[in-house]
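# Summary of structural features
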Amino acid sequence: MMNELSISYNLSNSLNFNLITITNMNVIQTINMTKRFGSTIAVNDVSINVREGEIYGFLGLNGAGKTTTIRLLLGMIKSDGGSCFLFGRKAKQASDLWNNVGYLVETPYNYPDLSVMENLEVFYRLRGLYDKVLLDEIMEKLQLTRYADKKAKFLSMGNKQRLGLAKALMHKPRLLILDEPVNGLDPSGIVEVREMLKDLTKNHNTTIFLSSHILSEISKLATRIGIIDEGKLIKELNSADLEQQVIKKLCIKTTDNYRALQLLNNEGLHFTADGNDSIETTAAKAIEHPEQIATLLVESNLPPGMLYIYEEDLEAYFLRIIGKQKKDYEAAD
């Protein structure tokens, strides 16, 4: 069993670069960013705004354009159109900003024949860091201390992911860009990383751009969500908007659904048959006071054998939005 991660994160100034003051500024901004691979448009006129101190969850099916977008943000590949700004400056003209950025993209790459400590020391030197305490500090935070002398090629998938996260976090960046950061971690490790990321934004104003296929994790972390499909950003919403847009309904099964349907609709509750031997409504009055509905049914000799509130989760919402978008495209054609 892994020890609990300490989620306090000391962000004292230990790096020899000029800190950037960000006030009411988008930390990440893209304007009509586009990338083609031959005849395939991988990223299609994507415009994103990520504000300081927020966790921006980037959702999409495999092949939707998530990783290509991240590679464009980091300058790993060149766009075919549009612009990208970091901290209010064009990314390609702001090489001095990169000490403020940490990233983990897809598979964490390591030197397989070097130990965990040696891998981190290489990164430490490449970053131009000068405080050796950073090495011990980040290994402790990511539970890598016991593996300090172990060669990277012998690490489990989860610990390779931890080593990748250690490289992204060691220099205490102002912006973290993470692609599938909990890939390979066990449930305990996922919770630890989740809490650490929350702490970074809440207590240290770190901005996080997070891509993940684990939709439940995005819902627990993100303050704002962008949905990309076939290279296009089809929707952006914050956590409050999501709460309003997910489907909620009260589902009931009684000894006589037909009579129950008549009774409840006479009360103006807009119930319908759901095709699964039960009836349902999205009426707020019913959802907010299911106990009143149950009482009404019992008093009418229609005791409910089943009564529950269904709330659409992020995965179902995501698939519904993508499905709707595709239908709209087909209708437009």
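Note that the structure is a prediction, hence the values are computed from the model and not measured.

## Brief notes about the overall build of the chain
From N to C terminus, the chain includes eleven helices and 15 strands. Every one of the 333 residues in the chain was classed for burial, and the buried ones make up 48%. Expressed as a percentage of contacts within the chain between residues at least 6 apart in sequence, the contacts between residues at least 24 apart total 72%. Accessible surface computed for the chain: about 16700 Å², of which carbon and sulfur atoms make up 48%.

## Considering the pattern of salt bridges
Should their charged atoms come close, side chains of opposite charge can pair. Scanning all chains against the criterion turns up twelve salt bridges. Between K35 and D80 there is a salt bridge, and its shortest N-O distance comes to 4.0 Å. Of the two residues, K35 sits in strand β1 (residues 26-37) while D80 sits in the loop between α1 (66-73) and β5 (81-86), which places them 45 residues apart along the sequence. With its nearest N and O atoms 2.7 Å apart, the salt bridge here joins K153 to D113. Pair noted here: K153 is in the loop between α3 (133-141) and α4 (157-169) and D113 is in the loop between β7 (101-104) and α2 (116-126), with a separation of 40 residues, a long-range link. Looking at D113, the relative accessible area reads 46%, which means it is partly exposed. Linked by salt bridges that have partners in common, R51, E54, R224 and E236 make up one network.

## Brief notes about helix α10 (residues 290-299)
When α10 is considered as a whole, its buried residues turn out to be P290, I293 and L297. Seen from one end, α10 has its buried residues packed into an arc of 55°, which puts them on one side. Exposed residues lying more than 90 degrees from the buried face of α10 are V298 and E299. Packed against the buried residues of α10 are β12 (248-254), α8 (257-266), α9 (284-288) and β15 (304-311). Following α10 by one or two positions, N301 adopts a phi angle in the positive range, close to 60°.

## Considering the nonpolar core
L178, I225 and I227 are the most contacted members of the largest nonpolar core, which has 50 residues in total. Other than its neighbours up to four places away in sequence, I227 contacts L59, K232, L233, I234, K235, Y317, F318, I321 and I322. With 25 residues, the next largest nonpolar core counts M33, V50, A64 and C84 among its residues.

## A short note on the sheet that holds β12
Backbone-to-backbone hydrogen bonds join strands into a sheet, with any given pair of strands oriented parallel or antiparallel. The strand order across the open sheet built from four strands is β13-β14-β12-β15, with neighbouring strands paired in antiparallel fashion. Either end of the sheet is taken by a strand with one partner, and the two such strands are β13 (272-273) and β15. The pairing of β12 with β15 spans seven bridges and is antiparallel. The residue of β15 that forms the bridge with K253 is M306. Each of β12, β13 and β14 (279-281) is contacted by α8, which is oriented at about 135° to β12, the strand it contacts most. Along the sheet face, α10 touches β12 and β15 and points at about 160° away from the line of β15.

## Points about the confidence of the model for the chain
Per-residue pLDDT for the chain averages 85, and the proportion of residues at 70 or more is 89%. Within the chain, strand β2 (residues 40-46) carries the highest mean pLDDT (95), whereas helix α11 (residues 314-332) carries the lowest (73). This model gives residues 1-23 a pLDDT under 50, and the stretch forms 58 contacts once residues within four places in sequence are excluded.

## Some remarks on the sheet that holds strand β4 (residues 55-59)
Strand order in this open sheet of six strands is β7-β8-β9-β4-β10-β11, and the pairing throughout is mixed. Of all strands in the sheet, those bounded by a partner on one side alone are β7 and β11 (232-238). Strand-to-strand twist across the sheet, computed as the mean angle between neighbouring axes with direction ignored, equals 15°. Direction of pairing for strand β8 (residues 175-179) relative to strand β9 (residues 207-211): parallel, over a ladder of five bridges. Opposite I177, over in β9, you have F209 as the bridge partner. Against the sheet, α4 contacts β7 and β8, and its axis sits at roughly 165° relative to β7.

## Quick word on the packing of aromatic side chains
In this structure the tally under the stated criterion is three aromatic pairs. With centroids separated by 6.5 Å and ring planes inclined at 40°, the aromatic side chains of Y56 and F58 adopt a geometry described as tilted. Considered together, Y56 and F58 belong to a single accessibility category, that of buried residues. Between Y56 and F209, the aromatic rings sit 5.4 Å apart at their centres with planes inclined by 5°, giving stacked as the arrangement. Residue Y56 is found in strand β4, and its partner F209 is found in strand β9; the two are separated by 153 residues along the sequence. Summarising the burial analysis for this pair, Y56 and F209 share the class buried.

About the thresholds
Residues numbered from 1 in each chain as written. Predicted model: local features only at pLDDT ≥ 70, side-chain atom pairs only at ≥ 80, totals over all residues. Heavy atoms only, no water. Helix = DSSP H or I, 4+ residues; strand = E, 2+ residues; numbered from the N terminus. Buried < 20%, exposed > 50% of the residue type's maximum accessible area, 1.4 Å probe, protein only. Contact = heavy atoms within 4.5 Å. Areas by Shrake-Rupley, 256 points an atom, 1.4 Å probe, with all protein chains shown as cover. Salt bridge = Lys/Arg side-chain N within 4 Å of Asp/Glu carboxyl O. Arc of directions from axis to C-beta. Core = buried A, V, L, I, M, F, W, Y, C linked by side-chain atoms within 4.5 Å. Pairing = 2+ DSSP bridges. Axes fitted to C-alpha atoms, helices over the stretch in contact; angles between N-to-C directions. pLDDT = per-residue confidence, 0-100. Phe/Tyr/Trp six-rings, centres within 6.5 Å; stacked < 30°, edge-to-face > 60°.

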